[in-house]
Amino acid sequence: MSDTSTNMRLKLPIACFILEIILIILFGTLVQYDHETDAKAWHNESHHDYENDFYYRYPSFQDVHVMIFIGFGFLMTFLQRYGFSSVGFNFLIAAFSLQWATLMQGFFHGMHGGKIHIGVESMINADFCTGSVLISFGAVLGKTSPMQLLIMAMFEVTLFAVNEFILLSLLGTRDAGGSMTIHTFGAYFGLMVTRILYRPNLDKSKHRNSSVYHSDLFAMIGTIYLWMFWPSFNSAITAHGDDQHRTAMNTYYSLAACTLATYGLSALTAHDGKLDMVHIQNAALAGGVAVGTAGEMMLTPFGSMIVGFLAGIISVLGFKFFSPILEEKLKIQDTCGVHNLHGMPGILGAIVGAVTAAFATKDIYGEGLADVFPDVASGSIDASKQGGIQAISLAVTLGIALLGGLIVGWCHISSVDLM
Amino acid sequence: MSDTSTNMRLKLPIACFILEIILIILFGTLVQYDHETDAKAWHNESHHDYENDFYYRYPSFQDVHVMIFIGFGFLMTFLQRYGFSSVGFNFLIAAFSLQWATLMQGFFHGMHGGKIHIGVESMINADFCTGSVLISFGAVLGKTSPMQLLIMAMFEVTLFAVNEFILLSLLGTRDAGGSMTIHTFGAYFGLMVTRILYRPNLDKSKHRNSSVYHSDLFAMIGTIYLWMFWPSFNSAITAHGDDQHRTAMNTYYSLAACTLATYGLSALTAHDGKLDMVHIQNAALAGGVAVGTAGEMMLTPFGSMIVGFLAGIISVLGFKFFSPILEEKLKIQDTCGVHNLHGMPGILGAIVGAVTAAFATKDIYGEGLADVFPDVASGSIDASKQGGIQAISLAVTLGIALLGGLIVGWCHISSVDLM
Amino acid sequence: MSDTSTNMRLKLPIACFILEIILIILFGTLVQYDHETDAKAWHNESHHDYENDFYYRYPSFQDVHVMIFIGFGFLMTFLQRYGFSSVGFNFLIAAFSLQWATLMQGFFHGMHGGKIHIGVESMINADFCTGSVLISFGAVLGKTSPMQLLIMAMFEVTLFAVNEFILLSLLGTRDAGGSMTIHTFGAYFGLMVTRILYRPNLDKSKHRNSSVYHSDLFAMIGTIYLWMFWPSFNSAITAHGDDQHRTAMNTYYSLAACTLATYGLSALTAHDGKLDMVHIQNAALAGGVAVGTAGEMMLTPFGSMIVGFLAGIISVLGFKFFSPILEEKLKIQDTCGVHNLHGMPGILGAIVGAVTAAFATKDIYGEGLADVFPDVASGSIDASKQGGIQAISLAVTLGIALLGGLIVGWCHISSVDLM
């Protein structure tokens, strides 16, 4: 029996069954419906917290859910060599991560009487965390078995929750669309893992990465889904009212500007006068990543379009010039180019967020300041301090992602004979 | 002119035109906008029934609509041999069933002054009924002409409405997500029809059922759509508030657990160390079917995950061991394996619903008991009686489905020379 | 360096960059968040206009967004020869049109203190305008470079806004789903451009227009998306309450009836006893176009089904008999058959709207008359006058579309050496 065969026949089933049984036991012990979801609790309350209500949050949840599963699932099919793996393994990893993230995020976000209370907002957060794991998956695609991916996901979800807790709860960082917590974290974690798992001979199969007609169409399904639902993604957990309006609108215009920049630069840098479909499929989305932090702020459509334009430029340049350098000099084989779609645009988004926060004033935001920057509105810090916190948060995220990826990568290496 | 050609050139057009003209006449005679949809009625009311309101129900409707048309349409493309038929005929059958179901369900759900009043909720119910017809279609795929499918749909929709009326209106059964009314009914109806239409020589083309790379990707579009929107499907007609929250959440965790069970068992039972894509495409969805009845109850995420886990196991075992037995011993050629995705998980869902209902107490549900079990809350029956009603409902559903399938199958056989 | 190569290497990048920079400057100068989207303005208001609120409009926006990008993007993939162009160029043109439409529609819809105020409703309107551009794209597919398409889009968006302003603001026309403003306008504009760009030798590559299995499945993704979301499309900007209910429902039943008519007539007119997939992919959607104007009126499901049935018949006959005549006699090469899906059904929709409006009475609409026909309800005109206005609007739309297409087409011809 070959290694692959052994892995599939015995290790994957054991991993799936043991992990799911552990999850079920932990859910049985620790998890409860929140007051919006429990039959008794709901009816005992005279007033419902409509900020968290099903009717407002649920359509956002469903949009995010579609974006994660169809968007990330099909985006990676542009590599025909990995087409089916990307969809099939994505699905497994995502189903696991949703459950594990519910526990980890619930644990860090605070338990009530020893119980994790879950509802529609925790489902959105679990989907966000899953998105981050799928980004990392894009960096290591083709190097890891499904079982290694499950273990990577388990560690990554845990570190994601730690980083999210440090940023959102300890530091008071604003990052509704996850430029830092989701994109930067997922990208650099995955890049470090793929660095550790460097395989010199992976180069030989490089030509099989080439995409073909139908694979490109499948990938475009992923691209267009991500593009369409990004406004919902960035606004899913913002405050209701103007905040959610603004975030969706900023994202919409950032993506539109990014798309024109992508087509322009892709055509300009083309060898043969043809658009590179990998650019279109990926870089046109960088505008969504880059307004993940500042989207809920008073960035204006004008500001959003500038950010989107820059994100498209950076992303195409990354695919064209930076990825080959990463591979040749730093031995980082970034299979799907997540550094260009999530890494650099994520950092750009964090910087834009820090700058926009530093210039927030009561004059611009009025009473709305309390929604976007509660610490600034309450007077406990000033806007420039909030900007500083945003910048520190980027450093923290990069640190945890790189260190976490290093450790997980080494664990994989050292356990390769065992697994 | 060949038979197929005759069928297409003359019979299908005649069937389509006559059926549509009958539908139009019946709609003209019998159907009215309900008070939420009629310009005059809406403005004559001082208070609107927000439980039925467009803003709350419409996003659910649209999610269900997507699930039925994209989900069921593309799921069946995994059989390349039938790929196009599945999408093309599905579309025709679904368009017919939506209209016919509006009439049949309206008739049984009660007419007002000789008129059927329709609105967003009747559209959801028509979509549900259409889902059941498409499940049956999965069992007979490859054996029937489009015209036979139309006639099958006409009878099935009628019987669906009868069964639904007996369960929901006469017996007071709870089945919001349709484990019984939709899945069990659709599966066993279709299985009986395919049994009657048994063709020994269908075996010879069996190898053409094999799936290939792109077909698998198309089918995964169907699978992931069903998977993503199942929480909306199960919660679409539950009471608003905690009920809808809970149903969506229970379905979400059931599906996640089911997916891990499916990958694990599929790998364990694989011959060649490769995951069987048919398992992934189908069995990973069984968790949604299996919480169709109990999803709105206080099943808890813990309970939902156990149910989902079991559903995945049953479904993979069904594909691996039970389907070949059905075909060889019972001569039931279940083209798409609906017995494994809808039949057995539907029965599991009915049983889980009956048990969960039997243990419902005021202590657990509080005032919410009136939403989930109105008859128990009013004191007219006790919880164990409700459990008994649920169990009887499963038997009634199986009886009507099998008997109905038998009759429709025989009609097809005996009219085969005519049609 | 070949012409194509030059075009891609230099002209497309320059066009993309210059256009995007102009857009960014104009947005910076002219565009502001509306009062629903601005942090300060929202909190300064004690009462929010829930008719325009994010929670009500946003799900409709997202549905329209999906319909435009996935629906129109993938529908055109049925032509394998242009498959990738259709998706890739669609995406570029759409991203540009969204931004340009925001400015043009904002300019004509009225500026406030020299500023265009944008919010979720302007995003829906920009998507609508983009839909019209993509319809025209379907007529000229295969004849124009991406850069020519960008220039065509720039002029078409401008004329779209002019026509929309004349109809909705000056004449008081009702056209919520855009039978005239979107479909008729887009189709006849595109048909005139393709007439001017007539290429005799395009015929030679005609056989490469033939569709194949996987291309048909991709196109069916487009078809089914358009079909599913058309109720949301037609109802996206109608008044809330009964109007939105009614529009969605009328569209739903019109499409269902249209689908049966399409299958029936396609089979009847088939040469070889096989359904023509191009009919299914296109004509089954004509019912949505044909109730674009009357959908919000008291058309009843009965009336909607008759309209849908007729639309399907007209559309199939168009593909079968009218398109070849257009090409041979009038030298109009309608690549995707937009005349059959958008042109003739759009005119049908305008006529149905005019007739339905002319028969509107207070007795039928009650107080709801003010939502649908404000000018009739206020007594400033009577219903037959409203019908007349609707008919005039069709003539205006056709005039602007044909004249606009003529001018844009001639500009392309005369600049062909420059570009």
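Treat the numbers as computed from the prediction; the structure is a model and nothing was measured. (Residues numbered from 1 in each chain as written. Chains lettered and ligands numbered in written order. Predicted model: local features only at pLDDT ≥ 70, side-chain atom pairs only at ≥ 80, totals over all residues. Heavy atoms only, no water.)

(A) Molecular detail of the overall build of chain A. From N to C terminus, chain A includes 17 helices and 2 strands. The contacts in chain A between residues at least 6 apart in sequence include a share of 82% that link residues at least 24 apart. Carbon and sulfur atoms form 65% of the exposed surface of chain A, whose accessible area is close to 12,800 Å². (Helix = DSSP H or I, 4+ residues; strand = E, 2+ residues; numbered from the N terminus. Contact = heavy atoms within 4.5 Å. Areas by Shrake-Rupley, 256 points an atom, 1.4 Å probe, with all protein chains shown as cover.)

(B) Spotlight on the environment of Asp334 of chain B. Residues and elements named next belong to chain B. Along the polypeptide, Asp334 turns up in the loop between helix 12 (300-330) and helix 13 (338-358). Exposure remark for Asp334: the relative accessible area of 11% places this residue in the buried category. Once the C-alpha coordinates of Asp334 and Val140 are considered, the two residues, 194 residues apart in sequence, prove to be 6.9 Å apart. Ignoring sequence-local partners within four residues, the contact set of Asp334 consists of Gly138, Ala139, Leu191 and His339. For Asp334, the side chain forms a polar contact with the main-chain nitrogen of Val338, separated by 2.9 Å. (Buried < 20%, exposed > 50% of the residue type's maximum accessible area, 1.4 Å probe, protein only. Polar contact = N/O pair within 3.5 Å; in protein donor to acceptor, adjacent residues only side chain to side chain.)

(C) Examining the packing of aromatic side chains more closely. This structure, assessed with the given rule, holds 62 aromatic pairs over all chains. Seen from their ring centres, Trp227 of chain A and Phe91 of chain C are 5.3 Å apart, and the 80 degrees between their planes marks the pair as edge-to-face. Here the residue Trp227 of chain A occupies a position in helix 8 (residues 213-235), and Phe91 of chain C occupies one in helix 4 (residues 83-108), the pair thus bridging two chains. Phe91 of chain C sits in the buried class, given a relative accessible area of 2%. Pairing Phe309 of chain A with Phe17 of chain C gives two aromatic rings, centres 5.9 Å apart and planes at 70 degrees, and the pair type is edge-to-face. Here the residue Phe309 of chain A occupies a position in helix 12 (residues 300-329), and Phe17 of chain C occupies one in helix 1 (residues 3-30), the pair thus bridging two chains. The exposure class of Phe309 of chain A is buried, given its relative accessible area of 14%. (Phe/Tyr/Trp six-rings, centres within 6.5 Å; stacked < 30°, edge-to-face > 60°.)

(D) Structural context of unusual backbone geometry. The backbone of Lys331 of chain A sits at a positive phi, close to 55 degrees, despite the residue not being glycine. Looking at where Lys331 of chain A falls in the secondary structure, it is placed in the loop between helix 12 and helix 13 (338-358). A positive phi is found at Thr300 of chain B, a non-glycine position, where the angle reads about 65 degrees.

(E) A look at the interface of chain C and chain B. Tallying the contact residues gives 64 residues for chain C and 60 residues for chain B. Here chain C and chain B share 1 salt bridge between them. With a shortest N-O distance of 3.6 Å, Lys40 of chain B and Asp363 of chain C are connected by a salt bridge. The interface formed by chain C and chain B holds 17 residue pairs in polar contact (both at pLDDT 80 or more) in total. For the side of chain C that touches chain B, the secondary-structure elements that each account for two or more residues are helix 3 (54-75), helix 8 (213-235), helix 9 (242-268), helix 10 (277-283), helix 12 (300-330) and helix 14 (362-365) of chain C. With 19 residues, helix 9 of chain C is the largest single contributor of residues to the side of chain C that touches chain B. Among the residues making up the side of chain C that touches chain B, the classes are represented as 41 nonpolar, 16 polar and 7 charged. (Salt bridge = Lys/Arg side-chain N within 4 Å of Asp/Glu carboxyl O. Nonpolar A, V, L, I, M, F, W, Y, C, P; charged D, E, K, R; others polar.)

(F) Representation of the environment of Met180 of chain C within the structure. All names here are of chain C. Looking at the element boundaries, Met180 is found in helix 7 (residues 179-196). Residue Met180 is classed as buried on the basis of its relative accessible area of 0%. Sequence-wise, Met180 and Ala290 are 110 residues apart; in three dimensions their C-alpha atoms are separated by 9.7 Å. In contact with Met180, not counting residues within four places along its chain, are Leu167, Thr173, Arg174, Asp175, Phe185, Thr293, Ala350, Gln390, Ser393, Leu394 and Thr397.

(G) Structural view of the nonpolar core. One finds Tyr225 of chain A, Tyr225 of chain B together with Tyr225 of chain C to be the most contacted residues of the largest nonpolar core, which totals 398 residues. Contact partners of Tyr225 of chain B, with chain neighbours within four places excluded, come to Val66, Ile70 and Tyr225 of chain A, Val66, Met67, Ile70 and Gly71 of chain B together with Tyr225 of chain C. (Core = buried A, V, L, I, M, F, W, Y, C linked by side-chain atoms within 4.5 Å.)

(H) Examining the relation of the copies chain C and chain B more closely. Overlaying chain C with chain B gives an RMSD of 0.0 Å, the required rotation being 120 degrees about an axis along which the chain moves by 0.0 Å. Look at the turn and shift together and you get a three-fold axis relating the two. Within chain C, the C-alpha atom positioned nearest to the axis of rotation is that of Pro59 of chain C, 4.0 Å from it. Residue by residue, only 8% of the interface of chain C is reproduced at the interface of chain B, so the copies engage with different surfaces. (Least-squares fit on C-alpha atoms with pLDDT ≥ 70 in both.)

(I) Quick look at the interface of chain C and chain A. Between chain C and chain A, the residue contacts involve 60 residues of the former and 64 residues of the latter. Both faces combined, the contact of chain C with chain A buries some 5,500 Å², and carbon together with sulfur accounts for 76% of it. Scanning the region where chain C abuts chain A turns up 1 salt bridge. The tally of links from chain C across to chain A stands at 17 residue pairs in polar contact (both at pLDDT 80 or more). Per-class residue counts for the side of chain C that touches chain A are 37 nonpolar, 16 polar and 7 charged. (Buried area = accessible area lost by both parts, 1.4 Å probe.)

(J) Representation of the packing of helix 7 of chain C against helix 13 (residues 338-358) of chain C. Residues and elements named next belong to chain C. Put simply, helix 7 and helix 13 touch, their axes get as near as 8 Å, and they point 140 degrees apart. The angle between helix 7 and helix 13 places the two elements in the oblique class. Regarding helix 7 and helix 13, the two cross each other, and that crossing is left-handed. Seen from helix 7, the contacting residues are Ser179, Met180, His183, Thr184, Ala187, Tyr188 and Leu191; seen from helix 13, they are Val338, His339, His342, Gly343, Met344, Gly346, Ile347, Gly349 and Ala350. A breakdown of the residues in the contact of helix 7 with helix 13 according to their chemical character gives 8 nonpolar, 8 polar and no charged. (Axes fitted to C-alpha atoms, helices over the stretch in contact; angles between N-to-C directions. Parallel < 35°, antiparallel > 145°, perpendicular 65-115°, else oblique. Left-handed = near helix turned anticlockwise from the far one by under 90°.)

(K) Structural detail: helix 7 of chain C. Residues and elements named next belong to chain C. Counted at 1.5 Å a residue, the expected span for helix 7 with its 18 residues is 26 Å, and the 25 Å between its end C-alpha atoms agrees. At Phe185, helix 7 is deflected by roughly 30 degrees, the largest bend along its length. Taken across its 18 residues, helix 7 has 16 buried, putting it largely inside the fold. (Expected span 1.5 Å × (residues − 1). Bend = angle between axes of the 7 residues up to and from the residue.)

(L) Representation of the relation of the copies chain C and chain A within the structure. Rotating chain C by 120 degrees about the axis while translating it 0.0 Å along that axis superimposes it on chain A, leaving an RMSD of 0.0 Å. Looking at chain C, a mere 8% of its interface residues are interface residues in chain A too, so the copies touch through different faces.

(M) Structural detail: the packing of helix 5 (residues 120-140) of chain B against helix 7 (residues 179-196) of chain B. Residue and element names in this part refer to chain B. Between helix 5 and helix 7, the shortest axis-to-axis distance is 7 Å and the interhelical angle comes to 30 degrees. Read as a crossing pair, helix 5 and helix 7 show a hand that is right-handed. Across from Phe128, Gly131, Ser132, Ile135, Ser136, Ala139 and Val140 in helix 5, the residues of helix 7 making contact are Thr181, Ile182, His183, Phe185, Gly186, Ala187, Phe189, Gly190, Leu191, Val193 and Thr194. Here the residues of the contact of helix 5 with helix 7 sort into 10 nonpolar, 8 polar and no charged.

(N) Summary view of a nonpolar patch on the surface. A surface patch of nonpolar side chains, about 430 Å² in accessible area, is lined by Leu10, Ile14, Ile18 and Ile22 of chain A together with Leu268 of chain B. For the nonpolar patch, the leading source of residues is helix 1 (residues 3-30) of chain A, giving 4 residues. Considering the arrangement of structural elements, one finds Ile22 of chain A in helix 1. Exposure remark for Ile22 of chain A: the relative accessible area of 41% places this residue in the partly exposed category. (Patch = residues over 30% accessible without salt bridge, like charges linked within 9 Å, V, L, I, M, F, W, Y side chains within 5 Å.)

(O) Examining helix 6 (residues 146-171) of chain C more closely. All names here are of chain C. Compared with the 38 Å implied by 1.5 Å per residue over 26 residues, the 35 Å span of helix 6 between its first and last C-alpha is a close match. Its maximal kink placed at Phe165, helix 6 deviates by approximately 25 degrees. Where helix 6 terminates, the next one or two residues include Gly172, which has phi positive at roughly 75 degrees.

(P) Representation of the pattern of salt bridges in the model. All told, the structure shown has 18 salt bridges over all chains when counted by the stated rule. Overlapping salt bridges, with partners in common, bring together Asp242, Asp243 and Arg246 of chain A in one network.

(Q) Fine view of the side chain of Thr173 of chain A. With respect to the helices and strands, the residue Thr173 of chain A is situated in the loop between helix 6 (146-171) and helix 7 (179-196). When near neighbours in sequence (up to four residues on either side) are disregarded, Thr173 of chain A contacts Leu167, Leu168, Met180, Gln386, Ile389, Gln390 and Ser393 of chain A.

(R) Summary view of the environment of Gly312 of chain B. Residues and elements named next belong to chain B. Turning to its location among the elements, Gly312 is positioned in helix 12. Exposure remark for Gly312: the relative accessible area of 0% places this residue in the buried category. Along the sequence, Gly312 and Leu265 sit 47 residues apart, while their C-alpha atoms lie 8.3 Å from each other. Setting aside residues no more than four positions away along its own chain, Gly312 makes contact with Cys258, Ala261, Thr262, Ala283 and Ala286.

(S) Structural context of the confidence of the model for chain A. Predicted confidence across chain A gives a mean pLDDT of 88, with 89% of residues reaching 70 or more. Of the regions scoring below 50 in pLDDT, residues 204-211 of chain A engages in 10 contacts with residues more than four places distant in sequence or in other chains. (pLDDT = per-residue confidence, 0-100.)

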